[in-house]
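# Fold and contact review
Each chain, letter by letter, is given below.
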Amino acid sequence: GNPDCKVLFIGEAPGKQEDMQGRPFVGRSGQFLDRELEAIGWRREDIYITNIVKRRPPENRDPTPKEIAAYRPYLERQIEIIAAPIVVTLGRFAMHYFLPDATISRDHGATFRVDGLLVVPFYHPATASRFPRIFAQFDVDLRRLPAMVRGSEKRES
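These lines cover the structure that appears in this document, whether it is placed above or below.

Cut-offs applied
Residues numbered from 1 in each chain as written. Predicted model: local features only at pLDDT ≥ 70, side-chain atom pairs only at ≥ 80, totals over all residues. Heavy atoms only, no water. Helix = DSSP H or I, 4+ residues; strand = E, 2+ residues; numbered from the N terminus. Salt bridge = Lys/Arg side-chain N within 4 Å of Asp/Glu carboxyl O. Buried < 20%, exposed > 50% of the residue type's maximum accessible area, 1.4 Å probe, protein only. Pairing = 2+ DSSP bridges. Axes fitted to C-alpha atoms, helices over the stretch in contact; angles between N-to-C directions. Contact = heavy atoms within 4.5 Å.

### A closer look at the environment of Gly41
By secondary structure assignment, the location of Gly41 is in the loop between helix 2 (28–39) and strand 2 (48–51). When the C-alpha positions of Gly41 and Phe135 are compared, they lie 18 Å apart, and in sequence the two are 94 residues distant.

Shown next as C-alpha cells:
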C-alpha cells in the first residue's frame, strides 16, 4: 500500500489467497473492498492495508490471543511508520485490538481516539459482501471516510 496514506486499513488475518501471494485482501474480500473504494473515488494505491496477524491461522480459524500478541510488535511498527491519521479496523478482531470492549454491531462507523489515532471500526468486507443489511451499513461508513480525511488534513495544517 501507500506508506504516505491518510487511511490505514487493518484486517484480521490473511486468507488462503493472501497467504499464498503475501499481500493482504487480494481474494474475494479484497475485490469487494476495491470496488467499494472505487465507489468513493479511491484506489487501492491511495491507502495502506495490513492485518493484525501476518500469517494465516491453521484451518482459517480465528487468531488466538497468543498469535495476536506475537505479531503485535510488527503491527505497532507499521502503524508508527505509516503514521496515517485514520485507522479503519475491518472486523471484530482488528477492532478489539484497539477497542477491547467495543461491539461491531454497536460501534461500526463511530470514531474513537486511541493513543493519538482516530480509530473507526468497520464490518469486515467478507461479511458486508454476503449480507445486504451489513453491506448497507458498510457502504454508509465508507462514504463518510473522505470527509474524515478532509477533517484530519485541516487539523494537520
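### So, the pattern of salt bridges
Oppositely charged side chains can pair when the atoms bearing their charge come close. By the definition in use, this model includes 10 salt bridges. Put simply, Arg72 and Glu76 hold a salt bridge, and the shortest N to O gap is 3.6 Å. Residue Arg72 and its partner Glu76 are located together in helix 3 (residues 65–82), separated by 4 residues, close to a single helical turn. Notably, a salt bridge pairs Asp139 with Arg143, separated by 3.1 Å at the nearest N-O pair. On the criterion of helical spacing, the pair formed by Asp139 and Arg143 is a turn pair, its members being 4 residues apart in helix 7 (residues 132–156). Asp139 gets classed as buried once you look at its relative accessible area, which sits at 18%. Judged by relative accessible area, which is 45%, Arg143 ranks as partly exposed. In the salt-bridge network here, residues are joined through shared partners; they are Arg43, Glu45 and Asp46.

### Describing the sheet that holds strand 1 (residues 7–11)
Taken in spatial order, the 5 strands make up an open sheet running 2-1-3-5-4, and their pairing is mixed. A strand with exactly one partner marks an edge of an open sheet, and here the two such strands are strand 2 and strand 4 (112–114). Pairwise comparison of adjacent strand axes, ignoring direction, gives a mean angle of 30° for this sheet. Bridge count between strand 1 and strand 3 (residues 86–90): 4 bridges; the pairing is parallel. When the sheet's bridge partners are listed, Val7 is paired in strand 3 with Ile86. Running over the sheet, helix 3 touches strand 1, strand 2 and strand 5 (117–122) and is turned about 165° from strand 2.

### Details of the pairing of strand 3
Counting buried positions over the 5 residues of strand 3 gives 5, a clear majority of the element. Residues of strand 3 alternate between two faces, with Ile86, Val88 and Leu90 on one and Val87 and Thr89 on the opposite face, all of them buried. The pairing of strand 3 with strand 5 spans 5 bridges and is classified as parallel. Paired with Val88 across the strands is Val120, a residue of strand 5.

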